[in-house]
Amino acid sequence: MNKKYFGVMTVNVTGVELLIVNLKTHKSLEKVVKEINLGDDVYHQQPVRFESVSKIVEALTGFIQILHDYGVENYQLWGSQALSQALNADFMADQFFLHTGIEVRWLSMSDEAYYRNQNISLELKRDNEDSEGIAYLVGITSGNTSITRFDNGDFVTSTNFAIGPIKISEDLESLRQSAPNSISVLNDYIDSKLKDFDIGILGNAVSAKTNSKIILLGTSPIKNLVTQYLKQEQKPAFSIAVFNDLVDDMVDASDQYLINQLQVNEDAVPLILPELLLIRRIIQLTSASQISFSDSEIVDGIVNDEEVALGFSKHDFTDQIITMAVNLADHYDVEPIHRELVTKFARHLFIQLKPLHTLGKRELVLLEIAAILHDVGNYIGVHSHYLHSEYIIRHSDIIGLSSEELEIVAAIAKYHSSTTPSEDLSHFSQISADNRRLISKLAAILRLADALDDDRQQKIKKISVSIKSKSVVISAYSNDNLAYENWIFNSKSHFFQETYGLKAILKQRGVK
């Protein structure tokens, strides 16, 4: 098996795509695109037609043959978030597997934002001039919009909005028949979908004096439109004034003008004005002074992750996942000192106990996120806060985490306190055997870490771990009285013994 070669197949509402890359050189060997319109079915709440599914299967079968011709054995199939919402998504996934032998991995909105943003993140780091100020990465797909903020090249936060040009286009059509000023009403509609923009840090500190810009992702029809409108090759960036002139002209533009003069594909015509209005509102919210386009795609991030996993790249973006978790913890007023100490202890325990749990880097990330978020439920109420923590995490978007990983983190947070998986069999039994084992291992570690600072007094600043034949000895360095910590530790350590088969013992050592 040649580990250098990697294949990514993606299926979305516009069709299917194959990309084959050399992970060592980051060079593309083959790219094949097959256009198949599935959006009419998906966005009208209709099952994707059998004929369309057959076309996808036929294209994927051809892709598999191309992969084999190149000798590629490492390949993946990913499905877009929009397509995963189709009424017969499970049927489609089953058909893909039956005919190709490969299971589709459905992307969430957070996944799509995480993967699409990666190339831009690297570009901002490489170009000091471009990285100055605030940069908003705006990814618009058929049904969703993601906005990611970078300050001076550093990731700040990312948020998803359930609004895209197809949905807007449908509403625009009905508005034109019923509203005397449909554009004004439509702008109000877009506002209602973006109403949470200025809540939290996404829109924090944005003003007319702020040096901010917008980088548009995944907007090929608009990019082509701008190129034709300016009568010249697209420049890296252009002013907001130029964009506003374009929008004003497009409001009254005929379909024929768009098709003949600006070379817009006929199928894309109904989507042009809705997307332009959406972009203009985002410009107003961000106070951006310029706008540019990027060709970064979801597959770029998927390829980068594989390069990191196989050791061909060190461009690891898990720090963005951690940042999102911290943002969420701050939003729910989690006490930062306790949070950071528990996370530190959990990380140390995980690393020292690796001979017992044999887990890897990704599992450590899941543990760290659970440690950061384990107390978010206190925002709702201290009583049974672990249940509230589980609920909040399960219903939050954390960029870079799959839906399955989010469920795992929520379960770990749930079991950090008094309840354990062994006491919650009705719920725990619904989780796969592999994930049950993973959750138990990580929850047992988090319970010990949390016990070391249960009273929030930070009496213990440092620990060391020693694995014995029948026990795990955790030495706590402190000159304070640890009677309470010992009591809580002994209470919470029973599940560790149940999970790992070794008794956890807390010993105190003085600090000189």
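What you are looking at is a predicted structure, and each value in this text was computed from that prediction instead of being measured.

Trainee: Looking at this model, I keep getting lost on the overall build of the chain. Mind explaining?
Mentor: A tally of regular secondary structure across the chain gives 23 helices and 14 strands. Its C-alpha atoms give the chain a radius of gyration of 26 Å, within 12% of the compact-globule value 24 Å for 512 residues. For the chain, the spread of C-alpha atoms along the three principal axes comes to 80 × 55 × 45 Å. Within the chain, the proportion of its 512 residues that are buried is 54%. Put simply, of all contacts in the chain between residues at least 6 apart along the chain, 70% involve residues at least 24 apart. When the 48 positive and 67 negative side-chain charges of the chain are each reduced to one mean point, those points stand 10 Å apart.

Trainee: When you look at the nonpolar core in this model, what are you seeing that I'm missing?
Mentor: Across soluble globular proteins, nonpolar side chains have a tendency to be buried as a group. If you look at the biggest cluster of nonpolar residues, it comprises 89 residues, and the most contacted ones within it are Leu349, Ile369, Leu373 and Ile398. The greatest single-element share of this core, amounting to 10 residues, is contributed by helix 21 (residues 433-451). The next biggest cluster of nonpolar side chains, apart from the first, holds 43 residues, and it includes Ile147, Phe197, Tyr229 and Phe293.

Trainee: Mind showing me how you'd approach the packing of helix 15 (residues 336-352) against helix 17 (residues 361-373) here?
Mentor: For any two helices packed against each other, one specifies the crossing angle of their axes together with the interaxial distance. One way to put it is that helix 15 packs onto helix 17 with a least axis distance of 8 Å and a crossing angle of 155°. Taken together, the axis directions place helix 15 and helix 17 in an arrangement best described as roughly antiparallel. Helix 17 is crossed by helix 15, and the crossing has right-handed handedness. Only Glu363, Leu364, Leu367, Glu368, Ala371 and Ile372 of helix 17 make contact with helix 15, whose side of the interface consists of Arg339, Val342, Thr343, Ala346, Arg347 and Phe350. Within the contact of helix 15 with helix 17, the residues separate by chemical class into 7 nonpolar, 1 polar and 4 charged.

Trainee: Where do I start with the sheet that holds strand 2 (residues 15-22) in this structure?
Mentor: Strands belonging to one sheet form pairs held by backbone hydrogen bonds; the direction of such a pair is parallel or antiparallel. Taken in spatial order, the 5 strands of this open sheet run 3-2-1-4-5, and their pairing is mixed. Looking at which strands have only one partner, the edges of the open sheet turn out to be strand 3 (27-35) and strand 5 (104-106). Pairwise comparison of adjacent strand axes, ignoring direction, gives a mean angle of 20° for this sheet. Packing of helix 2 (residues 50-69) onto the sheet brings it into contact with strand 1 (5-12), strand 2, strand 3 and strand 4 (75-79), and relative to strand 2 it is tilted by some 10°. Sheet strands in contact with helix 4 (residues 89-100) are strand 1, strand 4 and strand 5, and its direction is about 150° off that of strand 5.

Trainee: How should empty space enclosed by the protein be read in this particular structure?
Mentor: Within this structure, the stated rule accounts for 1 cavity of 30 Å³ or more. Here the largest cavity defines a volume of roughly 50 Å³. Counting residues per element, the ones that place at least two in the lining of the largest cavity are helix 5 (109-126) and strand 7 (145-151). For the lining of the largest cavity, the element with the highest residue contribution is helix 5, accounting for 3 residues.

Trainee: Would you take a moment to explain the layout of surface pockets for this structure?
Mentor: Take a probe with the size of a water molecule and roll it over the atoms, and the empty space left behind shows itself. Of the volumes computed, that of the second largest pocket is approximately 790 Å³. Lining the second largest pocket are 23 residues, with Asp305, Ala309, Thr318, Arg362 and Glu405 positioned closest to its centre. If you list the elements that add at least two residues to the lining of the second largest pocket, you get strand 4, helix 5, helix 13 (298-309), helix 14 (318-331), helix 17 and helix 19 (403-414). Among the elements that line the lining of the second largest pocket, the one with the most residues is helix 13, at 5 residues. Taken together, the residues that form the lining of the second largest pocket break down as 9 nonpolar, 4 polar and 10 charged.

Trainee: Would you mind going over the sheet that holds strand 7 with me for this structure?
Mentor: Strand order across the open sheet formed by 6 strands is 8-7-6-9-11-10, with mixed pairing between neighbours. Every other strand in the sheet has two partners, leaving strand 8 (154-161) and strand 10 (237-239) as the edge strands with one partner each. Between one strand axis and the next, the sheet turns through 25° on average, direction left out of account. Bridge analysis of strand 6 (residues 134-140) against strand 9 (residues 212-217) gives 6 bridges, and the strand direction is parallel. Paired with Val138 across the two strands is Leu216, which belongs to strand 9.

Trainee: Looking at this structure, I do not really get the pairing of strand 8. What am I missing?
Mentor: With 6 of 8 residues buried, strand 8 is to be regarded as a mostly interior element. Sheet topology places strand 7 next to strand 8; 7 bridges connect them, and they run antiparallel. From the neighbouring strand, Phe150 faces strand 8, where its bridge partner is Phe155. The loop that links strand 7 with its antiparallel partner strand 8 comprises 2 residues; one of these, Asn152, has a positive phi angle of about 50°.

Trainee: So what exactly am I meant to see when it comes to the packing of aromatic side chains here?
Mentor: Think of a pair of aromatic rings as described by two things: how far the centres are apart, and how the planes are tilted against each other in angle. Enumeration over the complete set of coordinates arrives at 7 aromatic pairs. Ring plane angle 25° and centroid distance 6.2 Å describe the contact between Phe238 and Phe293, whose orientation is recorded as stacked. Placement of the pair is Phe238 in strand 10 and Phe293 in strand 11 (residues 290-294), with a sequence separation of 55 residues. In this structure Phe238 comes out as buried when scored by relative accessible area, which is 8%.

Trainee: What am I meant to see in the environment of Gln290 here?
Mentor: Take Gln290: it is sitting in strand 11. Along the primary structure Gln290 and Ser212 are separated by 78 residues, whereas in three dimensions their C-alpha atoms are 7.6 Å apart. Contact partners of Gln290, with chain neighbours within four places excluded, come to Ser212, Lys213, Ile214, Ala237, Phe238 and Ile240.

Trainee: Just checking my understanding: could you explain the environment of Asn479 for this structure?
Mentor: When you line up the elements, Asn479 lands in the loop between strand 13 (471-477) and helix 22 (483-492). Taking the C-alpha atoms as reference points, Asn479 and Ile460, 19 residues apart in sequence, are found 8.6 Å from one another. Beyond its immediate stretch of four places on either side in the chain, Asn479 contacts Gln508, Gly510 and Val511. Within the local environment of Asn479, its side chain forms a polar contact with the backbone nitrogen of Val511, the two atoms lying 2.7 Å apart.

Trainee: Before we go on, may I ask you to explain the side chain of Ser52 in this structure?
Mentor: For Ser52, the position within the fold is in helix 2. Look at Ser52 and you get buried, because its relative accessible area is 8%. Dropping the residues within four chain positions of it, Ser52 is found in contact with Ile36, Asn37 and Leu38.

Trainee: What should I look at first to understand the pattern of salt bridges in this one?
Mentor: Pairs may arise between side chains of opposite charge once their charged atoms sit close together. Per the counting criterion, the structure on display carries 17 salt bridges. When the shortest N-O distance is used, the salt bridge between Glu407 and Arg394 registers 3.2 Å. Taken together, the residues Glu407 in helix 19 and Arg394 in helix 18 (residues 385-394) connect sequence positions 13 residues apart. On the accessibility criterion, Glu407 (39% relative accessible area) is partly exposed. Residue classification places Arg394 among the partly exposed residues on the basis of a relative accessible area of 37%. Arg437 is the salt-bridge partner of Asp434, the closest N and O atoms lying 2.4 Å from each other. Here Asp434 pairs with Arg437, and both are found in helix 21, just 3 residues apart, close to one helical turn. Overlapping salt bridges, with partners in common, bring together Glu17, Lys31 and Glu297 in one network.

Cut-offs used in this document
Residues numbered from 1 in each chain as written. Predicted model: local features only at pLDDT ≥ 70, side-chain atom pairs only at ≥ 80, totals over all residues. Heavy atoms only, no water. Helix = DSSP H or I, 4+ residues; strand = E, 2+ residues; numbered from the N terminus. Rg over C-alpha atoms; globule rule 2.2 N^0.38 Å. Buried < 20%, exposed > 50% of the residue type's maximum accessible area, 1.4 Å probe, protein only. Contact = heavy atoms within 4.5 Å. Lys, Arg positive; Asp, Glu negative; His and termini not counted. Charge placed at Lys NZ, Arg CZ, Asp CG, Glu CD. Core = buried A, V, L, I, M, F, W, Y, C linked by side-chain atoms within 4.5 Å. Axes fitted to C-alpha atoms, helices over the stretch in contact; angles between N-to-C directions. Parallel < 35°, antiparallel > 145°, perpendicular 65-115°, else oblique. Left-handed = near helix turned anticlockwise from the far one by under 90°. Nonpolar A, V, L, I, M, F, W, Y, C, P; charged D, E, K, R; others polar. Pairing = 2+ DSSP bridges. 1 Å grid on protein atoms, 1.4 Å probe; cavity = no way out; pocket = protein on both sides within 12 Å on 5 of 7 lines; lining within 4 Å. Points joined across faces, edges and corners; volume = space filled by probe spheres on them. Phe/Tyr/Trp six-rings, centres within 6.5 Å; stacked < 30°, edge-to-face > 60°. Polar contact = N/O pair within 3.5 Å; in protein donor to acceptor, adjacent residues only side chain to side chain. Salt bridge = Lys/Arg side-chain N within 4 Å of Asp/Glu carboxyl O.

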